[in-house]
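Now for the letters of each chain:
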Amino acid sequence: MLKNKKIILGITGGIAAYKCIYLLRLLVTEGAVVKVIMTPNATNFVSPLVLSTLSKNAVGIHLIENNSWENHIHLAHWADLFIVAPLTCNTLSKMAQGSCDNLLLATFLSIKCPVVVAPAMDEDMWFNDAVQQNFKLIKERQVLVIPVNVGELASGIYGHGRLAEPEQILSYIKNKFFRTTEFLNKKILITCGPTKEKIDPVRYISNYSSGKMGFALAESFYEKGADVFLISGTNLLNLKYNDIHFTYTESAEDMFLKCKSLAKEMDYLILSAAVADYKPTEIATQKMKKDSTDIHIQLTKTQDILLYLGQHKLEHQTLIGFALETNNGFDNATKKLKNKNLDYIILNEISNQNQCFQSDENEVTMISKNFETQTYPKQSKKELAHKITLYLAHKISHKL
Ligand code: CTP
């Protein structure tokens, strides 16, 4: 999403400046071209050498460098986005007043692109009236302020004032500036991850699913403007975006009830969860003790969520299922496509070459209800999600 975006990272002199090394890494890893500007004071906290090495660009510090004074103008015209992190009280106050005694401030005053600041300071300073007035002033001038976190501060006090974590800053700027619009105003429901069916208070039936494919799809749709509802089974993954509506469910029944309650509002429903097909007919209320004989657990069929959604599909809805197969992949997948009234099915074939569970990679074939196929060779689940969402976006834009 940030590929080739031109970003200035402004760093001011506070202890949280060390976190900007990681923020810089994240931006560069996302494909952004980053130029760092530091206030002279910031160089007491982090080394310009680290920042120039990671950004592969010279770090600007002084208004006059290499016999040139107009760097700030070039930078201000070059950037797509200016982030100041951490923002200290001192630089905040100078930004509010329009002071211009270093390169960072001069660039700020000349800037043509949006400006985002991520403050970091002690709690008393954060709540000080003058500081809050300065925030009000810069916000009135369209500067976006990322809220501080609450937590342990460098002074040892616990409270407001921690710099937002680099991942939060990254997610904030992606949300605000770089989401695309292919799925704008579309609501998308995605299920993912394994379900768990209780046997007794300490045991359950589940499967090896990691939920990674569903998370990747949710994030990819979100990046393309969709309003995403992720109904997740039990996994340990973290979402990159706070604005994805996230519901944690445990059993097939929980997942079904949540899907049923949301389904009517949705435009796309994509069921990637590995749902238990059977659950124990009775859940023991006490831990089952072992004795000398074998035990037999009777299982009852769970609700097939995808089948239900296919039977209740609305005219405008697109319903997509997954088929997890170890043999006769195409035949089994197309049977599911028809029986469950789907628009597409994504065939996941498990073989020695492709162990999709838990892996960060997968290879799949997408089959449409007209039996058009699109094969995606082995690649990361993130790339796969990006390609699947682009394929669907193409279908919408051409009304296919
Ligand atoms: N699915 C579901 N609810 C279930 C079982 C499956 O919504 N109780 C969905 C899965 O999310 C997936 C699709 O149905 O999108 C196919 O799941 P899969 O496990 O491949 O097949 P099943 O329909 O369960 O059939 P089988 O296990 O016999 O292959």
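Our structure is the block above this text.
Residues numbered from 1 in each chain as written. Predicted model: local features only at pLDDT ≥ 70, side-chain atom pairs only at ≥ 80, totals over all residues. Heavy atoms only, no water.

1. Details of a nonpolar patch on the surface
Point 1. Together, Y278, I295, I297 and L299 make up a nonpolar patch on the protein surface, roughly 370 Å² of accessible area in all.
Point 2. The residue I295 is located in the loop between β14 (278–280) and β15 (299–301) in this model.
Point 3. Judged by relative accessible area, I295 falls into the exposed class, the value being 53%. (Patch = residues over 30% accessible without salt bridge, like charges linked within 9 Å, V, L, I, M, F, W, Y side chains within 5 Å. Areas by Shrake-Rupley, 256 points an atom, 1.4 Å probe, with all protein chains shown as cover. Salt bridge = Lys/Arg side-chain N within 4 Å of Asp/Glu carboxyl O. Helix = DSSP H or I, 4+ residues; strand = E, 2+ residues; numbered from the N terminus. Buried < 20%, exposed > 50% of the residue type's maximum accessible area, 1.4 Å probe, protein only.)

2. A closer look at the sheet that holds strand β1 (residues 6–11)
Point 1. Spatially, the five strands line up as an open sheet ordered β2-β1-β3-β4-β5, and their pairing is parallel. The open sheet has two free edges, formed respectively by β2 (33–38) and β5 (144–145), since each of these has just one partner strand.
Point 2. Relative to β5, strand β4 (residues 115–119) runs parallel, the two being bridged by two bridges. The residue of β5 that forms the bridge with V116 is L144. (Pairing = 2+ DSSP bridges.)

3. Considering unusual backbone geometry
Phi is mostly negative for residues that are not glycine, and the peptide bonds are mostly trans.
Point 1. Looking along the chain, the bond that leaves A85 and enters P86 is cis, with omega of -5 degrees.
Point 2. The backbone of N185 shows a phi angle near 65 degrees, a positive value even though the residue is not glycine.
Point 3. Its relative accessible area of 71% is what places N185 among the exposed residues.
Point 4. Notably, N328 is not glycine yet its phi reads approximately 45 degrees, a positive angle.
Point 5. The class for N328 is exposed, based on a relative accessible area of 52%.

4. Some thoughts on the site of the ligand
Point 1. Among the 16 residues in the neighbourhood of the ligand, the closest are listed as L271, A273, F322, K336 and K340.
Point 2. Within the complex, the protein chains bury 78% of what would otherwise be the 570 Å² of accessible surface of the ligand.
Point 3. Within the residue set of the shell around the ligand, elements represented by two or more residues are α11 (305–311) and β16 (318–325).
Point 4. Broken down by element, the residue count for the shell around the ligand peaks at four residues, all from β16.
Point 5. Of the residues assigned to the shell around the ligand, the class counts are nine nonpolar, three polar and four charged. (Near = heavy atom within 4 Å. Nonpolar A, V, L, I, M, F, W, Y, C, P; charged D, E, K, R; others polar.)

5. Brief notes about the nonpolar core
Point 1. Residues L9, I11, L27, V36, M38, I83 and I169 are the most contacted members of the largest nonpolar core, which totals 34 residues.
Point 2. When contributions to this core are tallied by element, the ones reaching two or more residues are β1, α1 (19–29), β2, β3 (81–87), β4 and α8 (166–177).
Point 3. Counting residues per element, this core draws most heavily on α1, which supplies five residues.
Point 4. Those residues in contact with L27 that lie beyond four places of it in its chain are L2, I7, A32, V34, I83, L170 and I173. (Core = buried A, V, L, I, M, F, W, Y, C linked by side-chain atoms within 4.5 Å. Contact = heavy atoms within 4.5 Å.)

6. Some remarks on the side chain of E123
Point 1. Tracing the backbone through its elements, the reader meets E123 in helix α6 (residues 123–127).
Point 2. Buried charge without a partner: E123 forms no salt bridge, and the closest opposite charge is R162, 12 Å away.
Point 3. Excluding anything up to four places from it in sequence, E123 contacts L153, Y158, G159 and H160. (Lys, Arg positive; Asp, Glu negative; His and termini not counted.)

7. Looking at the packing of aromatic side chains
Point 1. Following the criterion strictly, the structure yields nine aromatic pairs and no others.
Point 2. Through pairs of rings, three or more aromatic residues link up here, namely F183, F221 and Y268.
Point 3. It is K35 that lies over the ring of W78; its NZ or CZ is 4.5 Å from the centre.
Point 4. In this structure, K196 is placed above the aromatic ring of Y204, and the distance from its NZ or CZ to the ring centre is 4.6 Å. (Phe/Tyr/Trp six-rings, centres within 6.5 Å; stacked < 30°, edge-to-face > 60°. Lys NZ or Arg CZ within 6 Å of the ring centre and 35° of its normal.)

8. Some remarks on the sheet that holds strand β18 (residues 361–368)
Point 1. On the basis of which strands lie adjacent, the open sheet formed by eight strands has the order β12-β11-β8-β13-β16-β17-β18-β19 and mixed pairing. Here the strands that pair on one side only, and so sit at the sheet edges, are β12 (245–248) and β19 (373–380). Taken pair by pair, the neighbouring strands of this sheet meet at an average axis angle of 15 degrees, ignoring direction.
Point 2. For strand β8 (residues 187–192) and strand β11 (residues 227–232), the ladder comprises six bridges, and the chain directions are parallel. Bridging across to β11, L189 finds its partner in F229.
Point 3. Where helix α12 (residues 329–339) meets the sheet, it contacts β16, β17 (344–349), β18 and β19, and its direction lies at approximately 150 degrees from that of β17. (Axes fitted to C-alpha atoms, helices over the stretch in contact; angles between N-to-C directions.)

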